[in-house]
Amino acid sequence: MTFKKRTHTCGDLNISNVDETVVLNGWVSSVRDLGGIYFIDIRDRYGITQLRIVPENGEPYDVASRIGLEFVISSSGKVIARENPNRNIPTGEIEIDVSELTVLNKSAVTPFVVEEDIKASEELRFKFRYLDMRRKKISDNIVLRSRVFQTVYRYFDSEGFLVIETPILMKSTPEGARDYLVPSRIHKGKFYALPQSPQTYKQVLMVAGMDKYIQICKCFRDEDLRADRQPEFTQIDLEMSFVSESDVFNVCENMIREIWKEIKGIELESFPVMSYDEALLTYGSDKPELRIKGDMKITDVTGTVEDCGFKVFDDVVNSGGMVAGLKLEGREVTRKVIDNLTEYVKSLGMGGLAYFRFNSDGSVQSPVSKFISETVQNNIREKFDAKNGDTVFLLSGEKKRTLLALGNLRLKLATDFMLIDESVDRFIWINDFPLFAFDDEANQIIAEHHMFTMPKGEELYKLDSDKCDIETITSIRANCYDLVCNGSEFGSGSIRIHRRDIQEKVFNILKLDKQEVEQKFGFLLKAFEYGAPPHGGFAFGFDRIVATLCGTKDIRETIAFPKTTSALSLMDGSPGSVEQKQLDDLGIVIKY
């Protein structure tokens, strides 16, 4: 088939192009017959331009009468000024007086109308994703994603980083329950795993002297999905030798600044740094949302209510627990709101919710005021700096559980009362995480982040076998850090272990079998014996960065071919069954 090549895209033309003869190629977005004149909107990923076809033009008019939505067409004509401009689109001041019109391909009736205010279900959109991507909202997200990709590589190239590809087929890890396994046809009964992260490979690259590594890579994790998770996701992965935590912060922070400047035209300020413990005490979360008006920090009143006479508080204080709360400024809090909040904190495992409502007339309403003296009530008010019209909410219980519940309550209050400023982005570094945690369900010590993280230097002695009690082990702080944006984790990293003896001590605490360690990580331990340098790195969730820039919480809106929340690809029908011959070749028998 021969056709005229386009001279412009459907988003190029404006009033300065009047009287030019142009060729536009694209898809039919709408067809309108107004008084014997056809008006066709032609669309491509750059925009929409209106075509005008009058009866006097002969053949083009006849072709226009048979055109349907989503037909692929080529149009030629002169740019003219529109009598009724459309100020909502960049090309709205002009239209094309068509002299030639060719149908390049017809379209069947689409399962949904390709429009911005789409009525189709998510399942239907994902099944016909190629139609969904014709919508400006989705195509703009894909274009923005590409721009971020290019910005990232340009930045790291300017910083002297090497782009190095790591294997997709690798060994399964101790976290293998989440691995996607790939059977080997040649080595029957053996499996590769798709990487959850290139962690071990990038550490080996540091041993090899490749001191600055970067890769935008695919990673895979077989786990329950949410709006911000996919079974295959994209990661900005980096590693550096001879660095400290501050060096990693500097490189990562500058990358984010470069992206925000390129995409949003915003110059970001330096990111604050807060320790894990301080974040819990202040915000009840290691992913604090910093866009809440008034900040809404947690206030500890354990000492204030000590021996106050209210049995619930007294029992908590005497057992070493915590009483703390949040202040909601100047908002009307009805009985129904309080009842809903009470049910919410109970769903978090708390016994109930205490509150003090300081009314505009100076009176105080509280279900616990009859148990607490006026002096203690005034001290609570002073502690929170509460004014008339404010409400203070208090929770009590075991310290960490109380703080985490307050963190959730803080987010709920901010959401319910619309206190989050969506017009800004707020970043913060959280560091000094625990190296280990105790998993109550599994009844064992686990790595808080991952098992290759270096402990703080002053805490290395706690790894020794004679100090391996649970309390000591869970008190060890790590050279580990997260970057948080708008209450979501953007990425995580650490200074890595680079000595075999330290790595083996960590494996020992995690109760990893020596044979299993040798089988899965023997190559890494062996590499550490040949001059492994101190090194550290980071991994960003690329999809989350793009989603934030696009103003959506659903990363699937920024991915060309996403999976559903049940890990299905509705467009191509994966995962699917395979022929018995393929299973026989692999030596696999399926059991249900």
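For the structure, see preceding data.
Draft legend 1. Structural context of the overall build of the chain. Within the chain one finds 16 helices and 22 strands. By principal-axis analysis of the C-alpha atoms, the chain measures approximately 95 × 75 × 50 Å. Relative to its 592 residues, the chain shows a buried fraction of 48%. Here the contacts in the chain between residues at least 6 apart in sequence split such that 68% fall between residues at least 24 apart. A total of about 29700 Å² of accessible surface is found on the chain, and carbon and sulfur atoms cover 49% of it.

Draft legend 2. Layout of the sheet that holds strand E5 (residues 94-105). The mixed closed barrel is built from five strands, whose spatial order is E1-E2-E3-E5-E4. Averaged over neighbouring strand pairs, the angle between their axes works out to 55° when direction is ignored. In this structure, strand E4 (residues 72-81) lies alongside E5, joined through 10 bridges in antiparallel fashion. Bridging from a neighbouring strand, Val72 pairs with Asn105 of E5.

Draft legend 3. Local environment of the packing of helix H5 (residues 199-207) against helix H14 (residues 514-528). Direction vectors running N to C along H5 and H14 enclose 20°, while the axes themselves pass 10 Å from each other. When the interaxial angle is binned, H5 and H14 end up roughly parallel. Here the hand of the crossing between H5 and H14 comes out left-handed. Only Phe521, Phe523, Leu524, Ala527 and Phe528 of H14 make contact with H5, whose side of the interface consists of Thr200, Gln203, Val204 and Val207.

Draft legend 4. Layout of the packing of helix H6 (residues 245-264) against helix H15 (residues 542-550). Relative orientation of the contacting elements H6 and H15 amounts to 35°, with a least axis distance of 11 Å. Two packed elements cross with a definite hand, and for H6 against H15 that hand is right-handed. Contacts from Met255, Ile256, Ile259, Trp260, Ile263 and Lys264 in H6 reach Ile545, Thr548 and Leu549 in H15. Counted by class, the contact of H6 with H15 contains seven nonpolar, one polar and one charged residues.

Draft legend 5. Highlighting helix H9 (residues 335-347). With 13 residues, H9 extends 19 Å between its outermost C-alpha atoms, agreeing within 8% with the 18 Å of an ideal straight helix rising 1.5 Å per residue. Taken residue by residue, H9 has Ile338, Leu341, Thr342 and Val345 as its buried positions. In an axial view of H9, the angular spread of the buried residues amounts to 105°, which keeps them on one side of the axis. Residues of H9 that are exposed and angled more than 90 degrees away from the buried face: Lys336, Glu343 and Ser347.

Draft legend 6. Focus on the sheet that holds strand E16 (residues 391-397). Pairing in this open sheet of five strands is antiparallel, and the strands run E12-E13-E16-E14-E15 from one edge to the other. Two strands close off the open sheet at either side, each with one partner strand: strand E12 (299-300) and strand E15 (364-365). Relative to E15, strand E14 (residues 354-358) runs antiparallel, the two sharing two bridges. Each residue of the ladder has a partner; that of Arg357, found in E15, is Gln365.

Draft legend 7. Examining a nonpolar patch on the surface more closely. A contiguous nonpolar patch, built from Tyr130, Phe561 and Met571 and spanning about 300 Å² of accessible area, is present on the exposed surface. Among the structural elements, Tyr130 can be located in helix H3 (residues 129-132). Judged by its relative accessible area of 43%, Tyr130 is partly exposed.

Draft legend 8. Representation of the pattern of salt bridges. This model, assessed by the stated rule, comprises 48 salt bridges. For Lys119, the salt bridge is made with Asp117, and the minimal N-O distance between the two is 3.8 Å. Asp117 matches Lys119 in its accessibility class, with the two residues each being exposed. The partner of Lys456 in a salt bridge is Asp432, with the nearest N and O atoms 2.8 Å apart. A residue pair is termed long-range when its members are at least 10 positions apart, and Lys456 in the loop between strand E19 (444-447) and helix H12 (470-474) and Asp432 in the loop between strand E17 (427-431) and strand E18 (436-439) qualify at 24 residues. Among the residues examined, Asp432 registers a relative accessible area of 22% and is labelled partly exposed. Salt bridges here are not isolated pairs; linked through shared partners, they connect Arg125, Arg129, Asp132, Arg135, Lys137 and Glu557.

Draft legend 9. Representation of the packing of aromatic side chains in the model. Evaluation of the coordinates by the stated rule reveals 22 aromatic pairs. Relative to Phe433, the ring of Tyr276 has its centre 5.2 Å away and its plane inclined at 40°; by these criteria the two rings are tilted. On the criterion of sequence distance, the pair formed by Tyr276 in helix H7 (residues 276-283) and Phe433 in the loop between E17 and E18 is long-range, its members being 157 residues apart. Accessibility classification places Tyr276 together with Phe433 in one group, the buried group. Put simply, the rings of Phe249, Trp429, Tyr481, Phe538 and Phe540 pair up and form one aromatic cluster. The ring of Phe271 has Arg257 sitting right over it, with the charged end atom 5.6 Å from the ring centre. A cation sits over an aromatic face here: Lys412 above Tyr344, 5.2 Å from the ring centre.

Draft legend 10. Layout of the state of the cysteines. Counted by the stated rule, this structure contains zero disulfides. As a non-bridged cysteine, Cys219 has Cys217 as the owner of its nearest cysteine sulfur, 4.0 Å distant.

Draft legend 11. Representation of the pairing of E16 in the model. Burial runs high along E16: seven of the seven residues are buried. Burial of E16 is two-sided: the residues Thr391, Phe393, Leu395 and Gly397 facing one way and the residues Val392, Leu394 and Ser396 facing the other way are all buried. Pairing geometry for E14 and E16, over four bridges, is antiparallel. Of the residues in E16, the one forming a bridge with Tyr355 is Phe393.

Draft legend 12. Spatial organisation of helix H4 (residues 136-158). For H4, spanning 23 residues, the distance from its first C-alpha to its last is 33 Å, which sits close to the expected 33 Å at 1.5 Å a residue. The complete set of buried residues in H4 reads Ile138, Ser139, Asn141, Leu144, Arg145, Val148, Thr151, Val152, Tyr153, Tyr155 and Phe156. Gly160 sits one or two residues past H4 and shows a positive phi near 85°.

Draft legend 13. Spatial organisation of the nonpolar core. Judged by nonpolar contacts, the single largest core of 98 residues is most densely connected at Phe156, Ile236, Met255, Ile256, Phe393, Phe436 and Phe540. Per element, the largest residue contribution to this core is nine residues, and it comes from H6. The contacts of Phe540, once residues within four sequence positions are left out, are Thr234, Gln235, Ile236, Leu238, Cys252, Met255, Ile256, Leu483, Phe490, Gly491 and Ile545. By size, the runner-up hydrophobic cluster in this structure holds 20 residues, among which are Leu51, Ala64, Phe71 and Ile94.

Procedures and definitions
- Residues numbered from 1 in each chain as written.
- Predicted model: local features only at pLDDT ≥ 70, side-chain atom pairs only at ≥ 80, totals over all residues.
- Heavy atoms only, no water.
- Helix = DSSP H or I, 4+ residues; strand = E, 2+ residues; numbered from the N terminus.
- Buried < 20%, exposed > 50% of the residue type's maximum accessible area, 1.4 Å probe, protein only.
- Contact = heavy atoms within 4.5 Å.
- Areas by Shrake-Rupley, 256 points an atom, 1.4 Å probe, with all protein chains shown as cover.
- Pairing = 2+ DSSP bridges.
- Axes fitted to C-alpha atoms, helices over the stretch in contact; angles between N-to-C directions.
- Parallel < 35°, antiparallel > 145°, perpendicular 65-115°, else oblique.
- Left-handed = near helix turned anticlockwise from the far one by under 90°.
- Nonpolar A, V, L, I, M, F, W, Y, C, P; charged D, E, K, R; others polar.
- Expected span 1.5 Å × (residues − 1).
- Arc of directions from axis to C-beta.
- Patch = residues over 30% accessible without salt bridge, like charges linked within 9 Å, V, L, I, M, F, W, Y side chains within 5 Å.
- Salt bridge = Lys/Arg side-chain N within 4 Å of Asp/Glu carboxyl O.
- Phe/Tyr/Trp six-rings, centres within 6.5 Å; stacked < 30°, edge-to-face > 60°.
- Lys NZ or Arg CZ within 6 Å of the ring centre and 35° of its normal.
- Disulfide = S-S within 2.5 Å.
- Core = buried A, V, L, I, M, F, W, Y, C linked by side-chain atoms within 4.5 Å.

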